[in-house]
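# Geometric and topological summary
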Amino acid sequence: MFRTLHCCVLGLLLGASVAAESALRFCHEDQDSYPWVMSDGSGLNKELLDLVQQQLGLQFTYVAVPWKRCLAGLQHGLYDGAFAASFKPERQRMGRYPLDAEGRPDTLRRLHSSRYTLYRRAGSAVSWDGRRFSHLNGRVGSLSGFSIRDLLLAHGLEVDESSRDPLALLQMLEHGRIEAAALQTQRGDFVLQANPQLAQSIEKLPQLLEEKPYYLMLSNALLAHEPDLAERIWAEVQRQRESAVYQERRDAYLAKP
């Protein structure tokens, strides 16, 4: 009887281990972030992660929440992963990034890279030459919780983080509540293309603010209990991002009107 009981307990433990490895909850921002994550369930990050889970035989569940809540939930073990996160040293207490041999964020295992651009009202003298801002006497808008805030603050600018919605942020700019807006370029352009009337009063500066890699962060708990699984996921992100299948999906998605 003891042997039977031992086998049953062992079977339950093995089953729990398999279940823990095969079903993971990942959170992401609940606003449209073209082309990476969209509120309708589409987006290139999801395309990429779907290829990863298929290749590894895993199951990913996606949860859309405000970005600050996503990172807080990752830190407190509500989620196994969060995407897509640029690197900030203070976020390392919330979860883990893929690291290279020197202990730095491994850009080869990123989900994607994104550029940031400064938007201003048409005809405004606000400018950015790649090193300094000029004619900027008011606040600059940034989406709440986004890392571009650090660059703006480093230049002594006053930052308004009252909005989580890129459309609302550009409308604030249009109505003069802020003097400029710092947004991910593809995201800002997407909003303006979808709102032609707004696009008539907003213009994008040609000089990039910043370009950053973005990662799938994984939870401290996952790294503590399944470090090999975490490394397999990050390695597969790199493989699938460079695969012909993903490249075809990316090109097809970006070609959509």
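Note that the structure is predicted; figures quoted are calculated from it, not measured. (Residues numbered from 1 in each chain as written. Predicted model: local features only at pLDDT ≥ 70, side-chain atom pairs only at ≥ 80, totals over all residues. Heavy atoms only, no water.)

### Quick word on the state of the cysteines
Operational definition: Any two cysteine sulfur atoms lying within 2.5 Å of each other are counted as a disulfide. Strands here are runs of E lasting at least two residues and helices are runs of H or I lasting at least four, both read from the DSSP assignment and numbered beginning at the N terminus. Buried, partly exposed and exposed residues are distinguished by accessible area as a fraction of the type maximum, computed with a 1.4 Å probe on protein chains only: under 20%, between the cut-offs, and over 50%, respectively.
With the rule as written, the count across this model stands at one disulfide. The disulfide partner of Cys27 is Cys70, and the gap between their sulfur atoms is 1.9 Å. Here the disulfide of Cys27 and Cys70 is right-handed, its torsion about the S-S bond being about 85°. Of this pair, Cys27 sits in strand S1 (residues 23–29) while Cys70 sits in helix H3 (residues 67–75), placing them 43 residues apart in sequence. In this structure Cys27 comes out as buried when scored by relative accessible area, which is 0%. Overall, Cys70 belongs to the buried group, its relative accessible area being 0%.

### A look at the side chain of Arg91
Spelled out, the test is: Charged-residue counts in this description rest on Lys and Arg as positive and Asp and Glu as negative, His and the chain ends being excluded. Within this document, salt bridges are pairs made up of a side-chain nitrogen of Lys or Arg and a carboxyl oxygen of Asp or Glu, the two lying within 4 Å of each other. Between two residues, a contact is recorded if the distance between any of their heavy atoms is within 4.5 Å.
In this structure, Arg91 sits in the loop between strand S3 (81–85) and strand S4 (112–121). For the buried Arg91, no salt bridge exists, and the shortest N-O distance to an oppositely charged side chain is 6.3 Å, to Glu90. With residues near it in sequence (within four places) discarded, Arg91 still touches Trp67, Leu71, Ala85, Ser86, Tyr97, Gly145, Ser147 and Met217.

### Some details on the confidence of the model for the protein chain
A low pLDDT means the predicted coordinates there should not be read in detail. As a reminder of what qualifies: A score between 0 and 100, pLDDT records how confident the predictor is in each residue.
Residue-level pLDDT values for the protein chain average 91, and 91% of them are 70 or greater. Here helix H1 (residues 2–22) stands out as the element of the protein chain with the lowest mean pLDDT, 41, in contrast to helix H9 (residues 227–241), whose mean of 98 is the highest. In this model, residues 1–20 is a region of pLDDT below 50 whose contacts with residues beyond four sequence positions or in other chains number one contact.

### A few points about the packing of aromatic side chains
Heads up, the condition is: Pairs were defined over the aromatic rings of Phe, Tyr and Trp, the Trp ring being its six-membered one, requiring ring centres within 6.5 Å. Orientation was assigned from the angle between planes: stacked under 30 degrees, edge-to-face over 60, tilted for the rest.
Per the counting criterion, the structure on display carries seven aromatic pairs. Here Tyr34 and Phe190 contribute two aromatic rings whose centre-to-centre distance is 4.5 Å and whose plane-to-plane angle is 10°, an arrangement assigned as stacked. Separated by 156 residues along the polypeptide, Tyr34 in the loop between S1 and helix H2 (44–56) and Phe190 in helix H6 (residues 185–194) bring together distant segments of the chain. Residue classification places Tyr34 among the buried residues on the basis of a relative accessible area of 16%. Three or more aromatic residues joined by ring pairs make a cluster, and in this case those are Tyr34, Phe190 and Tyr253.

### A word on the pairing of strand S11 (residues 210–218)
Test applied: Strand pairing requires that DSSP identify at least two bridges connecting the strands.
Alignment of S3 against S11, held across three bridges, turns out to be antiparallel. In the strand pairing of S11, Gly81 is matched with Leu218.

### Notes on the nonpolar core
Here is the rule: Here, the term nonpolar core denotes a set of buried Ala, Val, Leu, Ile, Met, Phe, Trp, Tyr and Cys residues that are joined through side-chain atoms within 4.5 Å.
Judged by nonpolar contacts, the single largest core of 73 residues is most densely connected at Leu118, Phe133, Leu170, Leu209 and Leu216. For this core, the element with the highest residue contribution is H2, accounting for six residues.

### Concerning the side chain of Ser33
Of note, Ser33 is situated in the loop between S1 and H2. Looking at Ser33, the relative accessible area reads 11%, which means it is buried. Among residues more than four places away in sequence, those in contact with Ser33 are Met38, Gln184 and Arg187.

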